[in-house]
Amino acid sequence: MMGAAKNTFPNATIHIPMINFSDSLPPITRTNLPQSNVETLGATFKLIRLNIPIQGSANNMVLNLSQTVNLTTTEYDILEKGLSFIPFDGRTAPDYSESACNITEYHRRLKIFAFFEPSDDITAKPPFTTKSDWEPPPRKIPKEVQDLIKLDWKTIKEIPRLKSSHLPNISEEEKRAINSLKQNSNIVIKPADKGSAVVIMDRPQYVQEALRQLNNPEYYKQLAEPIYPKSIPIIRDKITTLLSRGYINQKQAKYLVGESTARPRQFYLLPKIHKPRITWPTPLTPPGRPIVSDCGSESYRIAEFLDHHLNPLSTRHPSYIQDTALRGRGYTRAPSVRSTGTGGGSPD
């Protein structure tokens, strides 16, 4: 294409934007990228570098691709803690309800253990059943166990509640930085597809990449309306068939049916910043790994059921590799076996 342009306009100077890159990259990478520009586009063409600065933290844990937001040092610091970091300003009283639930569950298990005799044949709970909250009646619990439970609660109540003001894990400035990032609807903050970096993108960039993928008819087809309401009766009919034929029991059928209202699937992207910049759709938009969250959908539980029964079969395939790390220990596929993709490897 460039050769044709040069032949058509022999006296014109053709300006080609260079592949942009962050100054925070290692020196060898920053040296190779301009050379790649020359080799790819040809040394006879005049190259100019787009003036698109890219911000990054000192340790490359935060990459700011936004052209509308310049992060402050404090915002970098708080993002470097990771998206799983739980901020606590020291003012909100700690919530002990989860601890109380855990202790209650421990006491329930203690009662059940004391209720059944050691000689009793306690069968394992079948998979795919709703968690039971049954516990023995109080009159069936030995006095020693009841006294132990009372002592537990007495001891717990006597433990002084920690004053939350003594335990902040963020400063006031970091708290303001969190609120500033949270309230900024013009940017999207996502974890990188690989590694532990945090990526900030302008919302139009993120939406543009999502639409670029969703508008590809090879992989996606637009629906006139959601299909999950129609899928629910089909799945329930299959579960009823499994129950009538004795493959599952009543409790399992109740679990597999799930909630009466299904949650629509959520589509989102994880930026693949590890990909070469020359392959990015735009200089500031890395390709995104598409993920459709199936949690809470109408088929989530029945998919668990299928995976439970099909997964053991996949491990019997001749090309199955338990762990890609095994390759480093001298394990390889037999030359005569053709891989079908079954196993733990990922081509990406």
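Q: Any details on the side chain of Glu298? Residues and values, ideally.
A: Tracing the chain through its elements places Glu298 in the loop between β8 (288–293) and α10 (300–314). The buried category is assigned to Glu298, whose relative accessible area is 11%. At a separation of 3.2 Å, a polar atom in the side chain of Glu298 contacts the side chain of Arg265. Among residues more than four places away in sequence, those in contact with Glu298 are Tyr228, Ser231, Ile232, Ile235, Ala262 and Arg265.

Q: Provide a residue-level description of a nonpolar patch on the surface, including the pertinent values.
A: A surface patch of nonpolar side chains, about 280 Å² in accessible area, is lined by Tyr106, Leu148 and Leu151. Secondary-structure assignment places Tyr106 in helix α4 (residues 97–115). Classification of Tyr106 as partly exposed rests on a relative accessible area of 43%.

Q: If you had to explain the nonpolar core to someone new, which residues and values would you point to?
A: Here is a general trend for soluble globular proteins: nonpolar side chains tend to be buried in one another's company. Counting 12 residues, the largest nonpolar core is built from Leu63, Leu65, Val188, Ala192, Ala197, Val199, Met201, Tyr206, Ala210, Leu269, Trp280 and Leu284. Contributions of two or more residues to this core are made by β6 (198–202) and α7 (203–214). With 11 residues, the next largest nonpolar core counts Ile78, Ile170, Leu181 and Ile200 among its residues.

Q: Tell me about the confidence of the model for the chain, residues and numbers included.
A: Mean pLDDT over the chain: 79, with 71% of residues reaching 70 or higher. Per-residue pLDDT stays below 50 along residues 38–51; that stretch engages in 29 contacts with residues further than four places along the chain or on separate chains. In this model, residues 333–348 is a region of pLDDT below 50 whose contacts with residues beyond four sequence positions or in other chains number 23 contacts.

Q: Describe the layout of surface pockets, with residues and values.
A: The gaps of empty space that remain are located by a probe, the size of a water molecule, rolled over the atoms. Empty space within the second largest pocket amounts to approximately 570 Å³. In terms of lining residues, the second largest pocket is bounded by 17 residues, among which Leu214, Tyr220, Lys221, Leu223 and Arg265 are the most central. Here the lining of the second largest pocket is composed, by residue class, of 10 nonpolar, 3 polar and 4 charged.

Q: Please set out the packing of aromatic side chains residue by residue, giving values where relevant.
A: Tallying each qualifying case throughout the model produces 6 aromatic pairs. When the centroid spacing of 5.8 Å and the interplanar angle of 70 degrees are considered together, the rings of Phe115 and Trp134 count as edge-to-face. With Phe115 in helix α4 and Trp134 in the loop between α4 and α5 (143–158), this pair connects stretches of sequence that are 19 residues apart. A residue is classified by how much of its surface remains accessible, and Phe115, at 29% relative accessible area, is partly exposed. Relative accessible area serves as the criterion here: at 39%, Trp134 is assigned to the partly exposed category. With 6.2 Å between their ring centres and 90 degrees between their planes, Tyr220 and Phe267 make a pair best called edge-to-face. Remark: Phe267 occurs in strand β7 (residues 266–271) and Tyr220 occurs in the loop between α7 and α8 (228–244); sequence separation between them is 47 residues. Linked through ring pairs, Phe115, Phe116 and Trp134 together constitute an aromatic cluster.

Conventions we followed
- Residues numbered from 1 in each chain as written.
- Predicted model: local features only at pLDDT ≥ 70, side-chain atom pairs only at ≥ 80, totals over all residues.
- Heavy atoms only, no water.
- Helix = DSSP H or I, 4+ residues; strand = E, 2+ residues; numbered from the N terminus.
- Buried < 20%, exposed > 50% of the residue type's maximum accessible area, 1.4 Å probe, protein only.
- Polar contact = N/O pair within 3.5 Å; in protein donor to acceptor, adjacent residues only side chain to side chain.
- Contact = heavy atoms within 4.5 Å.
- Patch = residues over 30% accessible without salt bridge, like charges linked within 9 Å, V, L, I, M, F, W, Y side chains within 5 Å.
- Areas by Shrake-Rupley, 256 points an atom, 1.4 Å probe, with all protein chains shown as cover.
- Salt bridge = Lys/Arg side-chain N within 4 Å of Asp/Glu carboxyl O.
- Core = buried A, V, L, I, M, F, W, Y, C linked by side-chain atoms within 4.5 Å.
- pLDDT = per-residue confidence, 0-100.
- 1 Å grid on protein atoms, 1.4 Å probe; cavity = no way out; pocket = protein on both sides within 12 Å on 5 of 7 lines; lining within 4 Å.
- Points joined across faces, edges and corners; volume = space filled by probe spheres on them.
- Nonpolar A, V, L, I, M, F, W, Y, C, P; charged D, E, K, R; others polar.
- Phe/Tyr/Trp six-rings, centres within 6.5 Å; stacked < 30°, edge-to-face > 60°.

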